[in-house]
Amino acid sequence: LADANTAIFPLALRAMMQYLDFQVLKPTDDLYMGHGFNLKNMGPELPFQKFIMSGGGVLLRGLTLRRLAATGVLEECAEEVYNGTWCYHHLDWFIGECLSKIGVYPQGHPAFQQHIGFCKEYPPPWHCCHEAAVACHPVEEGLEMLNMIRMHTNYLARNLHTLSAAWATPCKDENFEWMWRHWGVVSICNGWGYKS
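One structure accompanies this document, and this report is about it. (Residues numbered from 1 in each chain as written. Predicted model: local features only at pLDDT ≥ 70, side-chain atom pairs only at ≥ 80, totals over all residues. Heavy atoms only, no water.)

## A look at the environment of Arg181
Summarising the element assignment, Arg181 is placed in the segment after helix H6 (165–168). Setting aside chain neighbours within four positions, we find Arg181 in contact with Phe118, Cys119, Lys120, Glu121 and Val186. (Helix = DSSP H or I, 4+ residues; strand = E, 2+ residues; numbered from the N terminus. Contact = heavy atoms within 4.5 Å.)

## Quick word on the state of the cysteines
Following the criterion strictly, the structure yields 3 disulfides and no others. At a sulfur-sulfur separation of 2.1 Å, the disulfide partner of Cys77 is Cys98. Taking the sign of the torsion about the S-S bond as the criterion, the disulfide between Cys77 and Cys98, at about 105°, is right-handed. Taken together, the positions of Cys77 in helix H3 (residues 73–83) and Cys98 in helix H4 (residues 91–100) put the pair 21 residues apart, joining distant regions of the chain. When sorted by exposure, Cys77 lands in the same class as Cys98, which is buried. Across a sulfur-sulfur distance of 2.2 Å, Cys129 and Cys136 are joined as a disulfide pair. (Disulfide = S-S within 2.5 Å. Buried < 20%, exposed > 50% of the residue type's maximum accessible area, 1.4 Å probe, protein only.)

## Observations concerning the side chain of His137
Relative to the helices and strands, His137 is located in the loop between strand S8 (135–136) and helix H5 (143–159). A residue is classified by how much of its surface remains accessible, and His137, at 10% relative accessible area, is buried. A polar contact is formed between the side chain of His137 and the side chain of Asn5, at a distance of 3.2 Å. Excluding anything up to four places from it in sequence, His137 contacts Asp3, Asn5, Thr6, Gly55, Gly56, Gln113, Gln114, His115 and Ile116. (Polar contact = N/O pair within 3.5 Å; in protein donor to acceptor, adjacent residues only side chain to side chain.)

In structure tokens, the structure reads:
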């Protein structure tokens, strides 16, 4: 899932999905991954705290979505959005809260970046939309997005070997910076299996 102004990099996404499916995850593992954030200081009254910010892209496993539908929870969540207390929830919150009802919780990953305009943590020329990114937000639709996708594609076409199962692996909860600079500005995993 991604916003219209999210740049998705096909070579990186394909590599990540292959590593996840064949080397990282078991066939029965759920997946809800992206640029995570923790609302604990802003919304302590909410029944959930951590979620994935959808602008930076959300990677959900088909198995997880099928389980959500098969359990009837997806229908319950839709009812809450249209006729219940979730009518003012953001999409990201809705997804996080709904998945938590089936015991699926967010996993942060630095290949998904929600706020690329605020980043100084990664070196030029990439900055937050670094060479190993899968999705970056916000990116102006049109020529800017096309150029960014082209730059990433050209780099990865020559350097796909730099991506690995360690790069694709979701960040351990205790290693992910859920509130980097107090607002989750940059998606960072301490000890990530990739060096930019």
